[in-house]
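# A look at the structure
The lines below spell out each chain.
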Amino acid sequence: MTTDINSFDSIVVGAGFAGAVAARELAERGGEKVLVLESRDHIGGNCYDEPDKYGILVHVYGPHIFHTNSERAYKYLSRFTEWIDYSHEVVAKVGDEEIPVPFNLNTLRQVFPKDAEELEALLIETFGEGARVPILKLREAEDERLQKIADYVYRNIFLKYTMKQWGKKPEEIDPSVSGRVPVVISHDNRYFQDKWQGMPKEGFTKLFERLLDHEGITVKTGVDAGSFIKIENDRILVCDDVPDECDRDKASASKAGEKKKFTGKVIYTGLLDELFDCRYGRLPYRSLRFDVECRDEDRFQSHGVVNYTVSEDFTRISEFKHLTGQLDLHGTTIMREYPFAYSGAEGEVPYYAINNPENDALYARYKELADQVGLIPLGRLAEYKYYNIDAIVDHALDVMDGLIEG
Ligand code: FAD
Ligand code: UDP
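Residues numbered from 1 in each chain as written. Chains lettered and ligands numbered in written order. Predicted model: local features only at pLDDT ≥ 70, side-chain atom pairs only at ≥ 80, totals over all residues. Heavy atoms only, no water.

## With respect to helix H8 (residues 204–211)
Along H8, the residues classified as buried are Phe204, Thr205, Leu207, Phe208 and Leu211. The buried residues of H8 occupy an angular sector of 155° when projected down its axis, which confines them to one face. (Buried < 20%, exposed > 50% of the residue type's maximum accessible area, 1.4 Å probe, protein only. Helix = DSSP H or I, 4+ residues; strand = E, 2+ residues; numbered from the N terminus. Arc of directions from axis to C-beta.)

## A short note on the sheet that holds strand S3 (residues 34–38)
Across the sheet, five strands lie side by side as S13-S3-S2-S18-S24; this open sheet has parallel pairing. Two strands close off the open sheet at either side, each with one partner strand: strand S13 (217–221) and strand S24 (376–377). Bridge count between S3 and S13: five bridges; the pairing is parallel. Directly across from Leu35, in S13, lies its bridge partner Thr218. (Pairing = 2+ DSSP bridges.)

## Some thoughts on the pairing of strand S22 (residues 332–341)
With respect to burial, S22 is a largely interior element, eight of its 10 residues being buried. Relative to S22, strand S19 (residues 285–295) runs antiparallel, the two sharing 10 bridges. Opposite Arg286, over in S22, you have Ala341 as the bridge partner. Two strands pair when backbone bridges link them, and strand S21 (residues 316–319) and S22 are joined in this way by three bridges, in the antiparallel orientation. Within the sheet, the bridge partner assigned to Ser318 lies in S22 and is Met335.

## Overview of the side chain of Gln301
With respect to the helices, strands and loops of the structure, Gln301 is situated in the loop between S19 and strand S20 (305–307). From its side chain, Gln301 meets the backbone oxygen of Gly304 in a polar contact 3.3 Å long. Beyond its immediate chain neighbours, meaning those up to four positions away, Gln301 contacts Val306, Ile317, Ser318, Glu319 and His322. (Polar contact = N/O pair within 3.5 Å; in protein donor to acceptor, adjacent residues only side chain to side chain. Contact = heavy atoms within 4.5 Å.)

## Points about the packing of helix H1 (residues 17–28) against H8
The geometry of H1 relative to H8 is characterised by a closest axis approach of 10 Å and an angle of 25° between their N-to-C directions. Judged by the angle between their axes, H1 and H8 are roughly parallel. Residues Phe17, Ala20, Val21 and Arg24 of H1 pack against Phe204, Leu207, Phe208, Arg210 and Leu211 of H8. (Axes fitted to C-alpha atoms, helices over the stretch in contact; angles between N-to-C directions. Parallel < 35°, antiparallel > 145°, perpendicular 65-115°, else oblique.)

## Structural notes on the site of ligand 1
Neighbouring ligand 1 are 32 residues, the closest being Glu38, His64, Ile65, Tyr387 and Ile389. Between ligand 1 and Asp224, the relevant distance is 3.1 Å, taken from a nitrogen atom to a side-chain nitrogen or oxygen of the residue. Taken by itself ligand 1 offers 1000 Å² of open surface, and the protein chains cover 94% of this. Sorting the residues of the shell around ligand 1 by element identifies H1, S3, helix H13 (379–382) and helix H14 (389–405) as the ones contributing at least two each. Looking at the shell around ligand 1 residue by residue, the classes come out as 17 nonpolar, 10 polar and five charged. (Near = heavy atom within 4 Å. Areas by Shrake-Rupley, 256 points an atom, 1.4 Å probe, with all protein chains shown as cover. Nonpolar A, V, L, I, M, F, W, Y, C, P; charged D, E, K, R; others polar.)

## Focus on the pairing of strand S8 (residues 90–94)
In terms of burial, S8 is a largely internal element, four of the five residues being buried. Sheet topology note: the S8/S20 ladder contains three bridges and is parallel. Residue pairing across strands places Val91 opposite Val306, the latter belonging to S20. Bridge count between S8 and strand S9 (residues 97–101): five bridges; the pairing is antiparallel. Pairing of Val94 across the sheet is with Glu97, part of S9. The hairpin formed by S8 and S9 contains two residues between the paired strands, and Gly95 there has a positive phi angle of roughly 65°.

## So, the nonpolar core
Ile11, Phe17 and Ile149 are the most contacted members of the largest nonpolar core, which has 123 residues in total. For this core, the leading source of residues is helix H6 (residues 144–166), giving nine residues. Counting residues in hydrophobic clusters, the runner-up holds seven residues, among them Val306, Tyr308, Phe314 and Ile334. (Core = buried A, V, L, I, M, F, W, Y, C linked by side-chain atoms within 4.5 Å.)

## Comments concerning helix H12 (residues 357–373)
Taking 1.5 Å of rise per residue, 17 residues should cover 24 Å, and H12 covers 25 Å from first to last C-alpha, within 8% of that figure. Inspection of H12 places Asn359, Leu362, Tyr363, Tyr366, Leu369, Ala370 and Val373 among the buried residues, and these make up the whole buried set. Take H12 and look down its axis: the buried residues cluster within an arc of 105°, on one side only. Those residues of H12 hidden inside the fold are in contact with strand S14 (229–232), strand S15 (235–238), helix H10 (272–275), S24 and H13. Directly after H12, the chain includes Gly374, whose backbone phi takes a positive value near 80°. (Expected span 1.5 Å × (residues − 1).)

## Here we look at the pattern of salt bridges
Side-chain pairing between opposite charges can occur once the charged atoms of the two side chains come close. As enumerated under the stated definition, the model contains 25 salt bridges in all. Residue Arg155 is joined to Asp151 by a salt bridge in which the shortest nitrogen-to-oxygen separation is 3.2 Å. Of the two residues, Arg155 and Asp151 both sit in helix H6, four residues apart, roughly one turn of that helix. Residue classification places Asp151 among the partly exposed residues on the basis of a relative accessible area of 33%. Among the ionic pairs, Glu337 bridges to Arg316, the shortest N-O distance being 2.8 Å. Within this pair, whereas Glu337 is found in strand S22, its partner Arg316 is found in strand S21, the two being separated by 21 residues in sequence. This pair shows no difference in class: Glu337 is buried, exactly as Arg316 is. (Salt bridge = Lys/Arg side-chain N within 4 Å of Asp/Glu carboxyl O.)

## Topic: the site of ligand 2
In the region of ligand 2, 17 residues are neighbours, and Trp166, Arg180, Tyr191, Asn307 and Tyr352 sit closest. The contact in question runs from an oxygen atom of ligand 2 to an N or O atom on the side chain of Tyr191, over 2.5 Å. At six residues, the largest contribution of residues to the shell around ligand 2 is made by H6. Class assignment for the residues of the shell around ligand 2 results in 10 nonpolar, five polar and two charged.

See the structure below:
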């Protein structure tokens, strides 16, 4: 079975949030026929979830919690799901203690019980109640007492965790990364302070099924676009027919010479360097190994996520039943995350762009190539940028506004 490419107005590569929102908008608002190609055997990108043997929804590519201050993103996704209220709270395991993260005034009381009142007053006086102070900024404080707090937070929350996650010290990575988990001058233990936060009631995969369920959208999973799309002489070439399933090597061999110019739009949410055969070199990424364990006990840990900030080789353990509101089910599934440098080897998945001036400059060269052929890069891989769910939904909607209305 094959599908004639000429019957489509647009091709979207990738069925994560970037691709799925783009496809829905092009089909629904733009009245287009859209072909979505996804190399994995499922939709949902890194937000994909599936039930384990106990019926608990497990996030296969790491724990995902929806949180946003964007009314547009919240309302948009609410068309495709109801929500379970869930305020994510995280603790860090420091020795035998569990301390709230982000570090806040409750954490302060726990770790400096004797002078907590004085330190709390000082933090409020210096930064203001409710302030969110990046650790790198707190470390610049001149007051000795603030230095003492900064030193504790740096050593017990950031240093080892960041070394594991990035292979670098906090001061050596883009400041916006550690800035995502600031010191919070309040008694709020929540990991995110956004107005809306929760989990899709029936899970992310169901949300994606509804998002992509439109008469104008055809989804092909198990199809790597690399075997189907080629850039040659500043033109986007595609195969005449899209196979239902594709083996990258076999398909590119058998399709050699059969590709032709595609005049519709191509929205690309995969790796930009790989699309251009890494001709300027690979874009560096961090990857993760997810170690999943099903346990025949009802509860493993106190919170959905426990960060290991001073010990262990893994960064954190997630216990999904906390996140999904399934605490009453018997059995539990936990996941440990082991970061490592992405090498491009078969089976490895790039998760985090490593943004710094050098890597961003390399990305800009690939972006220029994409611009030359009129390809539209979208999402955390194709834009070499960290996006939370709400941010990529908003951004995809903005880009589609431009394409459809402009
Ligand atoms: P993806 O979800 O990665 O989707 C891209 C898709 O394109 C993938 O399915 C991929 O298989 C496919 N693809 C790539 N190349 C090709 C190709 N050549 N051919 C066909 N298909 C291809 N955000 C939050 O808001 N809250 C969280 O709690 C949160 N937790 C996270 C935890 C982890 C461990 C990570 C890594 C990210 C987390 N995020 C979280 C961010 C969230 O995952 C992203 O915002 C979201 O996945 C971005 O969507 P995307 O479509 O850009 O990328
Ligand atoms: N971080 C840390 N200790 C923590 C939590 C976060 O050092 O307990 C740092 C680490 O560098 C991490 C960054 O802050 O990469 C951002 O944390 P976030 O929870 O946003 O990471 P992500 O969800 O992207 O894994």
